[in-house]
Amino acid sequence: MVVAGTITVKMAPRVKLLWDQMRSQVCIAMGSCAISGDFYRDLYSVVPGVDTFLPVDVYIPLPAQPEALMHGLMRLQEKLVLARAGKLLKADPRPTALDSHPAVDRAARRSCA
């Protein structure tokens, strides 16, 4: 499941229901709205991140350029291979606004802000 965009309190149970019905439960949070609520995080109707009610496997912070998306998908592929091998998986940390993404340099991040 790719979660991209703001999740409201009204929509969260529906997303959780869809998650429970999935056979292969893998979640990618793409963009700062899905990760932390971004500009709307202080509103009463917005969930402060999809990881509050779903386990997120891979975070792809903004700007979600093609390189960042490919890096996230390759990270997910690595995690799935390790899971099938029975190795212990360490959860990815939730990115903050100042964290840099390996595929995106700081200059591009500042120009988009």
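What this report covers is the structure whose coordinates are included nearby. In this text, all values refer to a predicted model and were calculated from it rather than measured experimentally. (Residues numbered from 1 in each chain as written. Predicted model: local features only at pLDDT ≥ 70, side-chain atom pairs only at ≥ 80, totals over all residues. Heavy atoms only, no water.)

### Digging into the nonpolar core
Among the nonpolar cores identified, the biggest contains 14 residues, and Val 3, Ile 7, Cys 27, Ala 29, Val 50, Leu 54 and Val 56 are the most heavily contacted of them. Only α1 (12-21) and α2 (32-36) provide two or more residues apiece to this core. When residues of this core are assigned to their parent elements, the largest contribution, 3 residues, is made by α1. Ignoring sequence-local partners within four residues, the contact set of Cys 27 consists of Met 1, Val 3, Trp 19, Leu 54, Pro 55, Val 56, Asp 57 and Val 58. (Core = buried A, V, L, I, M, F, W, Y, C linked by side-chain atoms within 4.5 Å. Buried < 20%, exposed > 50% of the residue type's maximum accessible area, 1.4 Å probe, protein only. Helix = DSSP H or I, 4+ residues; strand = E, 2+ residues; numbered from the N terminus. Contact = heavy atoms within 4.5 Å.)

### Some remarks on α1
Residues of α1 that are buried: Ala 12, Val 15 and Trp 19. Looking straight down α1, one finds that the buried residues subtend no more than 65 degrees of arc, so they occupy a single side. (Arc of directions from axis to C-beta.)

### Quick notes on the sheet that holds strand β3 (residues 58-60)
Strand pairing in a sheet takes place through backbone hydrogen bonds and is either antiparallel or parallel in direction. Spatially, 3 strands are ordered β1-β2-β3 in an open sheet, and the strand pairing comes out parallel. What marks the edges here is a single partner per strand, and that holds for β1 (2-4) and β3. Each strand of the sheet is rotated relative to its neighbour by a mean of 15 degrees, with strand direction disregarded. Pairing geometry for strand β2 (residues 28-30) and β3, over 3 bridges, is parallel. Looking at the pairing, Ile 28 lines up with Val 58 of β3. (Pairing = 2+ DSSP bridges. Axes fitted to C-alpha atoms, helices over the stretch in contact; angles between N-to-C directions.)

### Overview of the pattern of salt bridges
Once the charged atoms of two side chains with opposite charge are near each other, the side chains can pair. Summed over all chains, the structure comprises 2 salt bridges. Its salt-bridge partner being Asp 20, residue Lys 16 comes within 3.6 Å of it at the nearest N-O pair. One end of the pair, Lys 16, and the other, Asp 20, are both in helix α1, 4 residues apart, so they sit about a helical turn from each other. With a shortest N-O distance of 3.6 Å, Arg 75 and Glu 78 are connected by a salt bridge. Linking Arg 75 with Glu 78, this pair stays in helix α3 (residues 66-84), spanning 3 residues, or about one helical turn. (Salt bridge = Lys/Arg side-chain N within 4 Å of Asp/Glu carboxyl O.)

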